[in-house]
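Structural characterization, general
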Amino acid sequence: MSAGLIVDSVNSGKILVSDGAWGTLLYKKRLKPGDCPERWCVEHPDDVLDIARSYIDAGADMIKTNSFGGSRFKLDHYGLADRAAELNEAAARISRQAAGEDKWVIASMGPTGKMLLLGDVTENEIYDAFKEQAMALARGGADAICIETMLALDEASQAIRAARENTNCEVICTFTFERTVKGEYRTMMGALPKDVVPAVIEAGAHIIGTNCGNGFERMIDIIRQMREVEPDKPILVHANAGLPKNVNGVDIFPDTPDQMAALVPELIKAGANIIGGCCGTTPAHIRAIRKAID
Ligand SMILES: [Zn+2]
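Reference entry: report on the structure contained in this document. (Residues numbered from 1 in each chain as written. Predicted model: local features only at pLDDT ≥ 70, side-chain atom pairs only at ≥ 80, totals over all residues. Heavy atoms only, no water.)

Here strand β5 (residues 170-175) lies mainly inside the structure; 6 of its 6 residues are buried. Alternating residues of β5 divide into E170, I172 and T174 and V171, C173 and F175, and every residue in both groups is buried. The sheet contact formed by strand β4 (residues 144-150) and β5 spans 5 bridges and is parallel. What sits directly across from C146, in β5, is I172. Since β4 and β5 lie parallel, the crossover through helix α8 (residues 153-166) that links them has a hand, and here it is right-handed. With 4 bridges connecting them, β5 and strand β8 (residues 207-211) associate as parallel partners. (Buried < 20%, exposed > 50% of the residue type's maximum accessible area, 1.4 Å probe, protein only. Helix = DSSP H or I, 4+ residues; strand = E, 2+ residues; numbered from the N terminus. Pairing = 2+ DSSP bridges. Right-handed = clockwise from strand over helix to strand, strands pointing away.)

Below, the structure written as structure tokens:
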């Protein structure tokens, strides 16, 4: 990769721009609720490539892949578990094609939907599923593995170890927090940002952060809390376009590109190094964030 390591670029003082939502754009195309998004990597590769390109064109320094639900546990719901390697490799190839050689591909790995705590699966089974996914993403040309929307530390640790031990990719791990009535930010499993950060670094993540669940306003608080316990590691944020409002049974994400861009200076001040979007964000949001950073 001619772009080098993401960590080196951050350490040189750059603020980097990541991409926005993929699911939001897939549904704008023809994906129906109940369809398998990852299947589109082989059945509608041009549509997936189109999404990847739209974020590169918007000025993103890095793009994700259409592989969030690409673990064999998730794909099993569609009878596609045995195609996990094929679908993830295809996902990475598509984003690599859009990114060219001078932008990064940060390949998405979301939760398996299985809970170690409940004994749904063993640690080895979780590890093996993430190993299979990470290796396929690396084969397809990923520069980094982006383990995201994590809720449970034990699952995240297995994902990080699987990516570190079986690929040469940089490893990013981001958690999703909810604000409690007391105003604290906790994962669904009850962990605070200050609990999550050292555990994720211990497991081997190069880049830490938070994604989904919140807009930029709340992300500023979460990043500040992460930065307090970890002065050095790059922090990535993929925020939603605000908190969803339910309009006639449909979640609408209200923050406009300009509203998100206006909070970028505060996000950077709180300690963010890599800034992008999650649910409800589009290339227009990423373009506005790019402009704010430049
Ligand atoms: Zn999201």
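Here the narrative resumes, following the displayed structure.
Bringing the environment of L16 into the picture now. The residue L16 is located in strand β1 (residues 16-17) in this model. What makes L16 buried here is its relative accessible area of 2%. A sequence separation of 223 residues divides L16 from A239, and the C-alpha atoms of the two residues are 14 Å apart. In this view, L16 contacts I6, S9, V10, D61, M62, W104, N273, I274, I275 and I293; residues no more than four positions away in its chain are not counted. (Contact = heavy atoms within 4.5 Å.)

Let us now look at the coordination of the zinc ion. For the zinc ion, the protein coordination sphere consists of C212 (SG), C278 (SG) and C279 (SG), at 2.2 to 2.3 Å. One chain supplies every donor to the zinc ion, and in sequence these donors are spaced C-x65-C-C. Taken together, the residues C212 in the loop between β8 and α10 (216-229) and C278 in the loop between β12 (274-277) and α13 (283-293) connect sequence positions 66 residues apart. Looking at C278, the relative accessible area reads 13%, which means it is buried. (Donors = N, O, S within 2.8 Å, 3.2 Å for Na, K, Ca; no water.)

Packing of helix α9 (residues 193-203) against α10 brings their axes to within 9 Å, and their N-to-C directions diverge by 50°. Between α9 and α10, the angle is such that the two are oblique. Judged by the twist between their axes, the crossing of α9 over α10 is right-handed. For the pair formed by α9 and α10, the contact residues are P193, K194 and V197 on the first element and I222, Q225, M226 and V229 on the second. For the contact of α9 with α10, a count of residues per class yields 5 nonpolar, 1 polar and 1 charged. (Axes fitted to C-alpha atoms, helices over the stretch in contact; angles between N-to-C directions. Parallel < 35°, antiparallel > 145°, perpendicular 65-115°, else oblique. Left-handed = near helix turned anticlockwise from the far one by under 90°. Nonpolar A, V, L, I, M, F, W, Y, C, P; charged D, E, K, R; others polar.)

Turning next to the state of the cysteines. Inspection of the entire model under this criterion finds 0 disulfides. In this model C146 remains outside any disulfide bridge; the closest cysteine sulfur is found in C173, 8.4 Å from its own. Considering cysteine sulfurs only, C146 is the nearest to C169, which forms no disulfide, with 12 Å between them. On the accessibility criterion, C169 (8% relative accessible area) is buried. (Disulfide = S-S within 2.5 Å.)

Moving on, we come to the pattern of salt bridges. Oppositely charged side chains are able to pair whenever their charged atoms sit close together. One pass over the full model with this rule turns up 15 salt bridges. Residues R161 and E165 are paired through a salt bridge, measuring 3.3 Å at the closest nitrogen-oxygen approach. Within this pair, R161 and its partner E165 are both found in helix α8, separated by 4 residues, close to a single helical turn. By relative accessible area, R161 is classed as partly exposed at 34%. Salt bridges sharing common partners tie together K29, R30, D47 and D50. (Salt bridge = Lys/Arg side-chain N within 4 Å of Asp/Glu carboxyl O.)

Here we have 8 strands laid out as an open sheet, ordered β1-β12-β9-β8-β5-β4-β3-β2, and parallel in their pairing. Of all the strands in the sheet, just β1 and β2 (62-63) have a single pairing partner and so form its edges. Lying over the sheet, α8 contacts β3 (104-109), β4 and β5, oriented at roughly 170° with respect to β5.

Now for the layout of surface pockets. Put simply, the largest pocket is a space of about 940 Å³. Together, 37 residues line the largest pocket, and W22, G23, T24, Y27 and C279 are the ones closest to its centre. Within the residue set of the lining of the largest pocket, elements represented by two or more residues are α2 (23-28), β4 and β11 (250-252). Broken down by element, the lining of the largest pocket gets its largest block of residues, 5 residues, from α2. Of the residues that constitute the lining of the largest pocket, the class distribution is 15 nonpolar, 15 polar and 7 charged. Its boundaries defined by the atoms lining it, the second largest pocket holds a volume of some 150 Å³. Looking at the second largest pocket, the residues that line it are G215, F216, E217, R218, G242, L243, D255, Q259, M260 and L263. Within the residue set of the lining of the second largest pocket, elements represented by two or more residues are α10 and α11 (257-262). Broken down by element, the residue count for the lining of the second largest pocket peaks at 3 residues, all from α10. Across the lining of the second largest pocket, the residue classes tally to 4 nonpolar, 3 polar and 3 charged. (1 Å grid on protein atoms, 1.4 Å probe; cavity = no way out; pocket = protein on both sides within 12 Å on 5 of 7 lines; lining within 4 Å. Points joined across faces, edges and corners; volume = space filled by probe spheres on them.)

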